[in-house]
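Single-letter residue listing:
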Amino acid sequence: MVKRIAQVRFLRGNLAALCDARDLDLSSGDKVMVEWEDALKMGSVTTVKDVEAGDPLQKHHPRVIRKATEADIDYESRKEPRERDARRACQAKITESGLLMNLVDVEYIPASNKFICSFTADGRVDFRNLVKALASDFHARVEMKQIGARNRSKLIGGIGRCGRILCCASFLQDFDPITVRMAKDQGLSLDPTKISGVCGRLMCCLSYEHATYCDYKKCLPKCGKKVTMECGSGKITKQDILAQRIWVKLEASGKEV
C-alpha cells in the first residue's frame, strides 16, 4: 500500500513535521491545515512523496485535513496581535512576580480559547498564581509549558557554527540522545565549547556520521597498541579513521611514520 507523505513547515516555531497527505493534491508551497494535538495548525508544504509498504515512513503521522482557505489565512493573521499583547502581559507578570523563568513563546489556540506559554528555567517553578492572574486577564485558559534548551533553540532558530540554519530549526523532528562518546569515537576535540551548539548542549550533528565512524574503526588497530611492520616495531599514536591510516612511533628511532 502506497502512502503519501508531505513534509510541512509550520508558520511559527520553526517546526517541521512529516504528515499524512492522504489523497489531497498537494505540491510544494501549498498552505495546509494539519491536525495537531488538540487543534488545527497552519503550515506550508515543502515536499511530497509516496512511500511503499514496509518503509519506516509508513508509521502514524499527523493528518493534513485540508488546504488552507482564505478564511484560514485571515484567521491566522488576526491571532498575531493578540499573541503579542499576551506575551508582553505575561512577561510583565513574570517580572512582577520575581519568578526565575525565561519566557520563550506565547501561542494562542482559538479553537479551545487557550494560550500556551513556553518557558525555560533551571529548576521547577511554582507558577500557579501566575496562571490564575493570566487566565483572569486573558479571559482564556492558560497553559505554562516548561521546555529544554534544545526546544528553545528550535522555537527561536539561529545559525550554527557550520554557518547553516540550525538543524533543529530546519528539518529535525525529534532529538536523539547525544553523548560525548560520539565525539570521542570520531576523534574530535572534547572541549565543550567546540562540540556544543548554540543551545549549550552537545551538537545534534555528532550523531549523523557516528555509525560510519564506528564501522570504519573496526578495521583499525587501537591507539597504544604495539605493531610490527617492515620498517620495524612501534606503538600506534593516532588514527585517521576515514582515510584508514595510522601513525606509528618506531621503537628503534623514535620516528613517527
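Residues numbered from 1 in each chain as written. Predicted model: local features only at pLDDT ≥ 70, side-chain atom pairs only at ≥ 80, totals over all residues. Heavy atoms only, no water.

**Points about the environment of A86**
In plain terms, the rule: Put simply, DSSP H or I for four residues or longer makes a helix, DSSP E for two residues or longer makes a strand, and each gets a number counted from the N terminus. Buried residues are those whose accessible area, probed at 1.4 Å on protein chains only, stays under 20% of the maximum for their type, while exposed residues exceed 50% and partly exposed ones sit between those limits. Should any heavy atoms of two residues lie within 4.5 Å, those residues are counted as being in contact.
Position of A86 relative to the elements: it lies in helix 1 (residues 70–97). Judged by relative accessible area, which is 3%, A86 ranks as buried. Between the alpha carbons of A86 and E107 there is a distance of 8.8 Å; along the sequence they are 21 residues apart. When residues no more than four places from it in sequence are discounted, the contact partners of A86 are V106, F115 and F138.

**Some points on the packing of aromatic side chains**
Going by this rule: Two rings from Phe, Tyr or Trp (for Trp, the six-membered ring) form a pair when their centres are within 6.5 Å of each other. A pair whose planes differ by under 30 degrees is stacked, one over 60 is edge-to-face, and the rest are tilted. In our convention, an over-ring charge means Lys NZ or Arg CZ found within 6 Å of a ring centre and within 35 degrees of that ring's normal.
Following the criterion strictly, the structure yields three aromatic pairs and no others. A centroid spacing of 5.7 Å and a plane angle of 75° characterise the contact between F119 and F127, whose relative ring orientation is edge-to-face. Residue classification places F119 among the buried residues on the basis of a relative accessible area of 0%. The rings of Y108, F115 and F138 are connected pair by pair, giving a single aromatic cluster. One residue, R82, lies across the ring of Y108, its end atom 4.5 Å from the ring centre.

**Things to note about the pairing of strand 9 (residues 226–229)**
This is how it is decided: In this scheme, strands are said to pair when DSSP sees at least two bridges between them.
The pairing of strand 9 with strand 10 (residues 232–240) spans four bridges and is classified as antiparallel. Along strand 10, the bridge assignment pairs K226 with K235. Between strand 9 and strand 10, which pair antiparallel and follow one another directly, the connecting turn spans two residues.

**A closer look at the layout of surface pockets**
Quick note on the threshold: For each structure, a 1 Å grid was placed over the protein atoms alone; sets of points admitting a 1.4 Å probe that cannot get out are labelled cavities, open sets with protein on both sides within 12 Å along at least five of seven lines are labelled pockets, and lining residues have an atom within 4 Å of a point. Grid points are joined across faces, edges and corners, and a volume is the space filled by probe spheres set on the points. Residue polarity follows a fixed list, in which Ala, Val, Leu, Ile, Met, Phe, Trp, Tyr, Cys and Pro are nonpolar, Asp, Glu, Lys and Arg are charged, and the others, Gly among them, are polar.
Roughly 1,000 Å³ of volume is contained in the largest pocket. If you go around the largest pocket, you meet 44 residues; those closest to its centre are L15, W36, E37, K41 and K145. Residues belonging to the lining of the largest pocket are distributed by class as follows: 21 nonpolar, seven polar and 16 charged. Taken as a whole, the second largest pocket encloses approximately 410 Å³ of empty space. As for the second largest pocket, its lining consists of 22 residues, and the residues nearest its centre are G160, C162, I165, L166 and C167. Residue assignment for the lining of the second largest pocket shows that the elements contributing at least two residues are helix 3 (149–156) and helix 4 (167–170). It is helix 4 that contributes the most residues to the lining of the second largest pocket, three residues altogether. Considered class by class, the residues forming the lining of the second largest pocket number 14 nonpolar, five polar and three charged.

**Here's the deal with the pattern of salt bridges**
Filter applied, for reference: By salt bridge we mean one thing: a side-chain nitrogen of Lys or Arg within 4 Å of a carboxyl oxygen of Asp or Glu.
What the rule picks out here adds up to 14 salt bridges. Across the pair D50 and R4 runs a salt bridge whose closest N-O atoms are separated by 3.2 Å. Of this pair, D50 sits in strand 4 (residues 39–51) while R4 sits in strand 1 (residues 3–10), and the two are 46 residues apart along the sequence. Linking E107 and K41 is a salt bridge whose minimum nitrogen-to-oxygen distance equals 2.9 Å. In this pair, E107 sits in strand 6 (residues 102–109) while K41 sits in strand 4, placing the two residues 66 residues apart along the sequence. Both residues of the pair, E107 and K41, belong to the buried class. One connected set of salt bridges, linked through shared partners, spans R181, D185 and K217.

**Describing the sheet that holds strand 11 (residues 245–250)**
In a beta sheet, neighbouring strands are held together by backbone hydrogen bonds and run either parallel or antiparallel to one another. As a reminder of what qualifies: To get an axis, fit a line to the C-alpha atoms, keeping to the stretch in contact for a helix; angles then go from 0 to 180 degrees between the N-to-C directions.
Taken together, three strands build an open sheet; the order of strands is 9-10-11 and the sheet is antiparallel. Unpaired on one side and paired on the other, strand 9 and strand 11 mark the two borders of the sheet. Put simply, the sheet's adjacent strands are angled 50° from each other on average, direction ignored.

**Considerations on the side chain of D72**
Rule in force here: Two N or O atoms form a polar contact when they lie within 3.5 Å of each other; inside protein one atom must be a possible hydrogen donor and the other a possible acceptor, and for residues adjacent in sequence the pair counts only when both atoms belong to side chains.
Here D72 lies in helix 1. Note on D72: relative accessible area 10%, which makes it buried. Among the polar contacts made by the side chain of D72, one reaches the main-chain amide nitrogen of T69 at a distance of 3.0 Å. Every residue in contact with D72, bar those within four places of it in the chain, is listed here: M33, M42, R66 and K67.

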